[in-house]
Each structure stands twice: as structure tokens, then as C-alpha cells.
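Now for the letters of each chain:
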Amino acid sequence: MKLYSKENALKPIDAMSRSGRFVHSYILTGERGVGKKTFARYIAMQLLCDEHNACGVCRQCSRLLRGQHPDFIIAEKESGKVNFSVKDIRKIVSDSYISPNDCARKVYLIADCEGWQDACQDALLKITEDPPETAYFIFTSVNKNSFLPTLISRSMTIELHEADREGCMAALRDLEKYSEEDIGRAVSSFGGNIGRCIEFLEGSSELAKSAEAVKNAMDAIAARDEYALAVTLNGIASKREEMRCTLEMLTRSVRDAAVIRNGGGDVLGCTEAASRRLAERCSAGRILDMYDALFEASFLCTRNCNSQGTAAVLAGRLCR
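Definitions and limits used
The residue count restarts for each chain, going from 1 along the sequence in the order it is written. Local features in this predicted model are restricted to residues of pLDDT 70 or higher, and side-chain atom pairs are both shown and tallied only at a pLDDT of 80 or more, whereas totals for entire chains, interfaces and linings draw on every residue. Excluded from the side-chain calculations are hydrogens and water; all other atoms, namely the structure's heavy atoms, are used. For the purposes of this entry, the term helix denotes a DSSP run of H or I that reaches at least four residues, the term strand denotes a run of E that reaches at least two, and both are numbered from the N terminus. Each residue's exposure class comes from its accessible area (1.4 Å probe, protein chains only) as a fraction of the maximum for that residue type: buried when under 20%, exposed when over 50%, partly exposed otherwise. The contact rule is simple, with two residues in contact once any of their heavy atoms fall within 4.5 Å. Residue-level accessible areas treat just the shown protein chains as cover; the underlying method is Shrake-Rupley with a 1.4 Å probe. Only centres within 6.5 Å qualify two rings of Phe, Tyr or Trp (six-membered ring in Trp) as a pair; their planes then separate them into stacked at under 30 degrees, edge-to-face at over 60, and tilted for everything else. Remark: a charge is flagged as sitting over a ring if the NZ atom of Lys or the CZ atom of Arg is within 6 Å of the ring centre and within 35 degrees of the ring normal. A helix is expected to span 1.5 Å multiplied by its residue count minus one. Helix axes are fitted only over the stretch in contact, all axes being lines through C-alpha atoms; the angle between N-to-C directions runs from 0 to 180 degrees. Roughly parallel means an angle under 35 degrees; roughly antiparallel means over 145; roughly perpendicular covers 65 to 115; every other angle is labelled oblique. Handedness of a crossing follows from how the near helix is turned relative to the far one, being left-handed for an anticlockwise turn of less than a right angle and right-handed for a clockwise one. Amino acids outside the nonpolar list (Ala, Val, Leu, Ile, Met, Phe, Trp, Tyr, Cys, Pro) and the charged list (Asp, Glu, Lys, Arg) are all regarded as polar, and Gly is one of them. DSSP bridges decide pairing: two strands pair if at least two such bridges lie between them. What we call a nonpolar core is a set of buried Ala, Val, Leu, Ile, Met, Phe, Trp, Tyr and Cys residues that are connected through their side-chain atoms within 4.5 Å. Only one rule defines a salt bridge in this text: a Lys or Arg side-chain nitrogen within 4 Å of an Asp or Glu carboxyl oxygen.

1. Thoughts on the overall build of the chain
Per the secondary structure count, the chain includes 15 helices and five strands. Its C-alpha atoms give the chain principal-axis dimensions of about 60 × 45 × 35 Å. Out of the 320 residues in the chain, the part that is buried amounts to 51%. Across the chain, every contact between residues at least 6 apart in sequence was considered, and the portion connecting residues at least 24 apart equals 70%. Total accessible area computed for the chain in this model is approximately 15000 Å², and 48% of it derives from carbon and sulfur atoms.

And the structure:
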């Protein structure tokens, strides 16, 4: 399994592999598209591999890569549910006490934990404090705020970042599906976020809509046009996941403005020109206030918030 620009995240996992001693619970954080589920599969390969080094070619690794390994269990949500229920989690806990099917270990991937209830995590506290010797758990979310401090304290937390642009382009080339022109267009829009670049290249209408909304929003923020910004944000507020995706991208663009304002040149977002205009027109402190407002709104979108209300309040905070 090839991982791109994940050298720092790999260090603790590879060190545990060399020692043969793994922690039983992992929390992987990072924005959508940075490869949290891919990295989770790498951890599972380290735990299940016949050679104990994620070789990628043994029977266990091959089955995992094909999505057919009986001891790599991806937790499922109740039909029609957006978040995990306590019932879903209790099912996982109960199953974890059953011996593995084919290996000495079994690994559970509990992905996309944004917005799950504290009661779900409470149901995991005992099993993560005193887990069965054979059971390992991997949780993923956009950020650590999705988890209770008690669950964080019992887990190894790894924050994943997007690849550098060269690594992202290499990943897209390795797929042998896209032209150089298309790859360049995707990376210029979404930086080193491999997952989002692939979504964009595969024709995701949602992602294209989010990218257009971010460009319109940045123009409105730079012009301090609260009405135009409110219209833009309200246009994506009907779907909470779409709004969260857009706010994450907008946060990156405002982050770019802060970097530019302070003399840096490492631009990650899809609106470099608008970020430069914002950096010229606003103080560093004001830009940081915008960043905080966007981060807070993005987090609220992982909870049971009123999206339209959140969009209206955010427009006022960003254009005041």
C-alpha cells in the first residue's frame, strides 16, 4: 500500500510494528479526503500481516486490500441513519469479545464519527480501557472535538494532513486515469487533498458546487458584501454535509490569506487570487477572527445545528 506524504504519521505505527507491541485504540483526524480510511487500512495491515510489516503481498494483506478480510470489520450505521447509534456501538463491543476468524487479531474501523452522541462513546469506554487481547479499534473524524476526553486519553491520536502538491500529483498519475491537464486543474483547486482531487476528477457535482461557492464567498468577504455572502452560504445550507465541506474549503482559503499577510507563500486553498485580495485588505488579527468563526461554524455542522441560522450568523461575523 502506497501512502503519500504521510512520513510523520507513519513513524509511531512503524515503531510499534518493529517492537511488536501495538496500542488497541487509534483516533485518526483530518479533513475529508486526506486519507484517513486509507491510513486505517495501513494500520490494519500492520496488525494482520503474516509478515508483521504490512508487506502488501501475503495472504492477509491481499485479502484486506481486496476488501475481503473477515477480521477487518467496518462498522455500519443503522439503515437511514447519519450517525452511529448506541445500538450500533454495542453490537461492535459484543462482537469484539468473539475470537478472530483467521488471524490472531481483529480490527474494527469506526469511521466518520462526526456528530455521534456521547452515549455512543460511553458505551466504548470499558472496552477501550480494558480491551480483549485480540481486538483493536480505529476511529476517524474531521477533528478531535468529536471525541470525549476519556476516549482520547485511551487512544493514540494521529492527525493526518494532505499530501504536498508533488505527492498529490504523483498519486493521481499512479491511477493512470487522468491527463496532466486535468491533474493540474484538480491540484490547483484542491491542493494536496488527494481524495477531493479524485472526487473532482470523477465529476462530483457536489464538490464542483462547493468550489464555486468558496470562490463566490471569498469575493464577498473581500468586498465586505454581507448580503452576497449570506446568499452564497444559504445556497449550500440545505445539506449539512455539503455545507461542512464548503466551510472546510473556505477555512483553507482564509488560512491562505493569513499566511500571505504574514509573508508566507504556501497556499493550500482553491482561491489564491481572492486570498491575496483578502490579505491586502484586512489585518492579520481580523483574518484570524474570520478563521476562528469558520472553524466554529464547521464544527457546528457536525452537530445538530440549524444550518440556515448558522450561515446567517457566519455571514455577519465574516463581513462585520
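Still more to cover.
2. Topic: unusual backbone geometry
One non-glycine residue with positive phi stands out, namely H52, at about 60°. For H52, the location among the structural elements is in the loop between α2 (36-48) and α3 (59-65).

3. Describing the packing of aromatic side chains
This structure, assessed with the given rule, holds seven aromatic pairs. Ring geometry for F84 and W116: centres 6.4 Å apart, planes at 65°, overall edge-to-face. Within this pair, whereas F84 is found in the loop between β2 (72-74) and α4 (86-96), its partner W116 is found in the loop between β3 (106-110) and α5 (118-129), the two being separated by 32 residues in sequence. A relative accessible area of 1% means that W116 is categorised as buried. Members of the aromatic cluster, connected to one another through ring pairs, are F84, W116, F139 and F147. Above the ring of F84, the side-chain terminus of K77 is found at 5.0 Å from the ring centroid.

4. Side note on helix α10 (residues 205-223)
Taking 1.5 Å of rise per residue, the 19 residues of α10 would be expected to cover 27 Å, and the 27 Å separating its terminal C-alpha atoms lies within 8% of that figure. For α10, the full list of buried residues reads L207, S210, A211, A213, V214, A217, M218, A220, I221 and A222. After α10 finishes, the residue R224 shows a positive phi value of roughly 55°.

5. Here's the deal with the environment of A312
Following the sequence through the fold, A312 ends up in helix α15 (residues 307-319). Placed 86 residues apart in sequence, A312 and E226 show a C-alpha to C-alpha distance of 9.2 Å.

6. Quick look at the packing of α4 against α5
Running from N to C, α4 and α5 point in directions that differ by 15°, and their axes come no closer than 8 Å. Looking at the two axes, α4 sits roughly parallel to α5. The handedness of the crossing between α4 and α5 is right-handed. Contact residues: α4 offers V86, I89, R90, V93 and S96, while α5 offers A119, C120, A123, L124 and I127. Tallied by class, the residues present in the contact of α4 with α5 amount to eight nonpolar, one polar and one charged.

7. Side note on the sheet that holds β2
The strand order β2-β3-β4-β1-β5 describes an open sheet built from five strands, whose pairing is parallel. With partners counted over all chains shown, the strands left at the sheet margins are β2 and β5 (156-159), one partner each. On average, adjacent strands in this sheet sit at an angle of 20° to one another, irrespective of strand direction. Of the strand pairs in this sheet, strand β1 (residues 25-29) and β5 are connected by four bridges, and their pairing is parallel. Note that in β5 the partner of T29 across the bridge is E159.

8. What about the nonpolar core?
In this structure, L229 and L247 are the most contacted members of the largest nonpolar core, which totals 52 residues. In terms of residue count, helix α12 (residues 240-261) provides more of this core than any other element does, nine residues in total. Not counting the four nearest positions on each side in its chain, L247 is found in contact with L233, L294, A297, S298, C301 and L314. Counting residues in hydrophobic clusters, the runner-up holds 31 residues, among them Y26, A40, L48 and C58.

9. Comments concerning the pairing of strand β4 (residues 135-141)
Regular strands place side chains that alternate from one sheet face to the opposite one. Most of β4 is tucked away: seven of the seven residues are buried. Neither face of β4 is open: one carries A135, F137, F139 and S141, the other Y136, I138 and T140, and all of them are buried. Note: β1 against β4, five bridges, orientation parallel. Across the sheet, residue S25 finds its bridge partner in β4, namely F137. Bridge count between β3 and β4: five bridges; the pairing is parallel.

10. Some words on the pattern of salt bridges
What the rule picks out here adds up to 20 salt bridges. A salt bridge links D102 to R63; the shortest N-O distance between them is 2.4 Å. You can see D102 sitting in the loop between α4 and β3 and its partner R63 sitting in helix α3, a full 39 residues away along the chain. Overall, the relative accessible area of 32% leaves D102 in the partly exposed class. The closest approach of N and O atoms between R154 and E129, which form a salt bridge, is 3.8 Å. Highlighted residues: R154 in the loop between α6 (149-153) and β5 and E129 in helix α5, separated in sequence by 25 residues. Assessed through its relative accessible area of 28%, R154 is described here as partly exposed. The exposure class assigned to E129 is exposed, which follows from its relative accessible area of 56%. A single network of salt bridges, built from pairs that share partners, joins E31, E162, R196, R244, E248 and R252.

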